[in-house]
Each structure stands twice: as C-alpha cells, then as structure tokens.
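A closer look at the structure
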Amino acid sequence: AILRAADNLADDFERVTGKRPALTHKPAAANTIIIGSLDSPIIKEMVANGKFDPSELVGKNEMYLIQTVLEPVKGVDEALVIAGSDRRGVVYGIYEISEQIGVSPWYDWADVPVAKQQNLSIARGSYTAGEPAVHYRGIFLNDEAPCLTGWVKNTYGTDYGDHNFYARVFELILRLRGNFLWPAMWSWAF
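One structure accompanies this document, and this report is about it. (Residues numbered from 1 in each chain as written. Predicted model: local features only at pLDDT ≥ 70, side-chain atom pairs only at ≥ 80, totals over all residues. Heavy atoms only, no water.)

As for the sheet that holds strand β4 (residues 126–127)
- An order of β1-β3-β2-β4 is seen for the four strands of this open sheet, with the pairing classed as mixed. A single partner strand is all that each edge strand has here, and the edge strands are β1 (31–37) and β4.
- Against the sheet, helix α2 (residues 41–48) contacts β1, β2 (64–70) and β3 (78–84), and its axis sits at roughly 105° relative to β1.
- Strand contacts of helix α3 (residues 87–100): β1, β2, β3 and β4, with the helix running at about 135° to β3, the strand carrying the most contacts. (Pairing = 2+ DSSP bridges. Helix = DSSP H or I, 4+ residues; strand = E, 2+ residues; numbered from the N terminus. Contact = heavy atoms within 4.5 Å. Axes fitted to C-alpha atoms, helices over the stretch in contact; angles between N-to-C directions.)

Right under this line is the structure:
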C-alpha cells in the first residue's frame, strides 16, 4: 500500500511539475522526502537518533505526521518526513501531500484539472490531521447496472469490473482517507 501510494505521489509530482522524482529505498539526495510507518527501519533509526519524536503517533489508528527534519539520516541535509502510526496512516499522509501540491482526490473520476507549477515549497514545521474520528469510512457502489457496468465495458472492454477498475476505486477511497468498500455486486465477482 505504501509503495503504491509513493508511486502515485511521484506521478502527482509529474502531473504538477512535469518531472517525476526518483523513488529509492535509501535517501540519496541532500533534500528528500522520507516515507514510512513507525515500524519502518528508517523511521526507527530517526527515532533512535533523536531526529523524530513518534509520541503523537504511538497507539493511534490511521494517523500521519508530516514534518520537516534537519539531518534526519547520514547524507541528507533536510527531509520532509511522512510518518504514520500504521501503513494506512502513511498512505493518508502521502495523499495529503498530493492534495497540498494541487492534485485533487477526484483528478481521475471527476476530471479535476491539475494546475501546473514550476516551483513547489513546503513550510517548515509539523502537520497532522489527527486520528480519524469515524472508524469506518468508505463508499457504497449502488446501482452498478446499467451506468457503472456500461462505463466499465466502454473503458475496459469487459462486462465486469476487473482489477484495473478496482485499482482506480481503491486509489480514490484511499485519497479520500477511506478504509472500506461496500460493493453491491449482484452478478459481479471480485
């Protein structure tokens, strides 16, 4: 989930700036974005070295903290750290950055345009939306036939929603900070 969302973030940077950043498993630039849950080795290293305080995230559900950190690890001067209490929290933090740079969760489904920018900046500091107040947040696909099934057939050439369709649905749900899908699937099969 985190790798998929990080890949989407790279796509979003490309949508906005025209340039796609490289994704690496080890920080390789003086200024970078570091992404991970409290269980990830790089976040653990930052905590152990006193570079990141996890106290806001410990014991929380689906919560993220976005923070600028000076010299978080060797070879990095400054990083924007996206940390989560769990993997969904990390994913929500990633998509928060996507929204902040100008990519709407609805960019795909509602054709919300993305404003091009040559320069992006992040205010130093710390940000979180807190722990979600509602445990289950998602969408219910009602009345798939004929509207949704017709769209799926025209878009994917299949009579039923396949993995490509559901990848788009799940991305939307996660971009909206959701955590479940309630399909009304009549004759459709997952």
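So that's the structure; there's more coming.
Some details on the packing of helix α1 (residues 2–17) against α3
- Where α1 meets α3, the axes come as close as 9 Å, and the angle between the chain directions of the two elements is 5°. Considering their axes alone, α1 and α3 lie roughly parallel with respect to each other. On α3, the residues touching I2, A5, A6, N8, L9, D12 and F13 of α1 are R87, V90, V91, I94, Y95, I97 and S98.
- Residue composition of the contact of α1 with α3, by class: ten nonpolar, two polar and two charged. (Parallel < 35°, antiparallel > 145°, perpendicular 65-115°, else oblique. Nonpolar A, V, L, I, M, F, W, Y, C, P; charged D, E, K, R; others polar.)

Notes on the pattern of salt bridges
- Scanning the model with the defined rule gives eleven salt bridges in all.
- Salt-bridge contacts for R20 lead to D7; the nearest nitrogen and oxygen are separated by 2.4 Å. Taken as a pair, R20 in the loop between α1 and β1 and D7 in helix α1 lie far apart in primary sequence, 13 residues in all.
- Under the relative-accessibility criterion, D7 is labelled partly exposed at 31%.
- Salt-bridge contacts for E99 lead to R177; the nearest nitrogen and oxygen are separated by 2.9 Å. Note that E99 is positioned in helix α3 and R177 in the loop between α5 (163–175) and β6 (180–183), a separation of 78 residues in sequence.
- Through salt bridges with shared partners, a single ionic network connects D12, R15, E171 and R175. (Salt bridge = Lys/Arg side-chain N within 4 Å of Asp/Glu carboxyl O. Buried < 20%, exposed > 50% of the residue type's maximum accessible area, 1.4 Å probe, protein only.)

So, the nonpolar core
- Counting residues in each nonpolar core, the largest one holds 17 residues, and the members touching the most others are I66, I94 and I97.
- Elements with a contribution of two residues or more to this core: α1, β2, β3 and α3.
- Per element, the largest residue contribution to this core is six residues, and it comes from α3.
- Once residues within four sequence positions are removed from consideration, I66 is found in contact with L80, V81, I82, G93, E96, I97, G125, S126 and Y127.
- Core analysis: the next-biggest nonpolar cluster, separate from the first, contains 15 residues, L38, L57, V76 and A83 among them. (Core = buried A, V, L, I, M, F, W, Y, C linked by side-chain atoms within 4.5 Å.)

Notes on α2
- Where α2 is concerned, the buried positions are I42, I43 and M46. All buried residues of α2 lie within an arc of 100° about the axis, which places them on one face of the element. Away from its buried face, by an angle of more than 90 degrees, α2 presents the exposed residues P41 and A48.
- Phi for G50, located one or two positions after α2, is positive at around 70°. (Arc of directions from axis to C-beta.)

Topic: unusual backbone geometry
- Positive phi outside glycine occurs at E71, with the angle close to 45°.
- In this structure, E71 sits in the loop between β2 and β3.
- By relative accessible area, which is 51% here, E71 ends up exposed.
- For R177, which is not a glycine, the phi torsion comes out positive at approximately 65°.
- A residue is classified by how much of its surface remains accessible, and R177, at 17% relative accessible area, is buried.

Notes on a nonpolar patch on the surface
- Taken together, the side chains of W106, V112 and L176 make up a nonpolar region of the molecular surface, amounting to roughly 230 Å² of accessible area.
- Along the polypeptide, W106 turns up in the loop between α3 and β4.
- W106 gets classed as partly exposed once you look at its relative accessible area, which sits at 37%. (Patch = residues over 30% accessible without salt bridge, like charges linked within 9 Å, V, L, I, M, F, W, Y side chains within 5 Å. Areas by Shrake-Rupley, 256 points an atom, 1.4 Å probe, with all protein chains shown as cover.)

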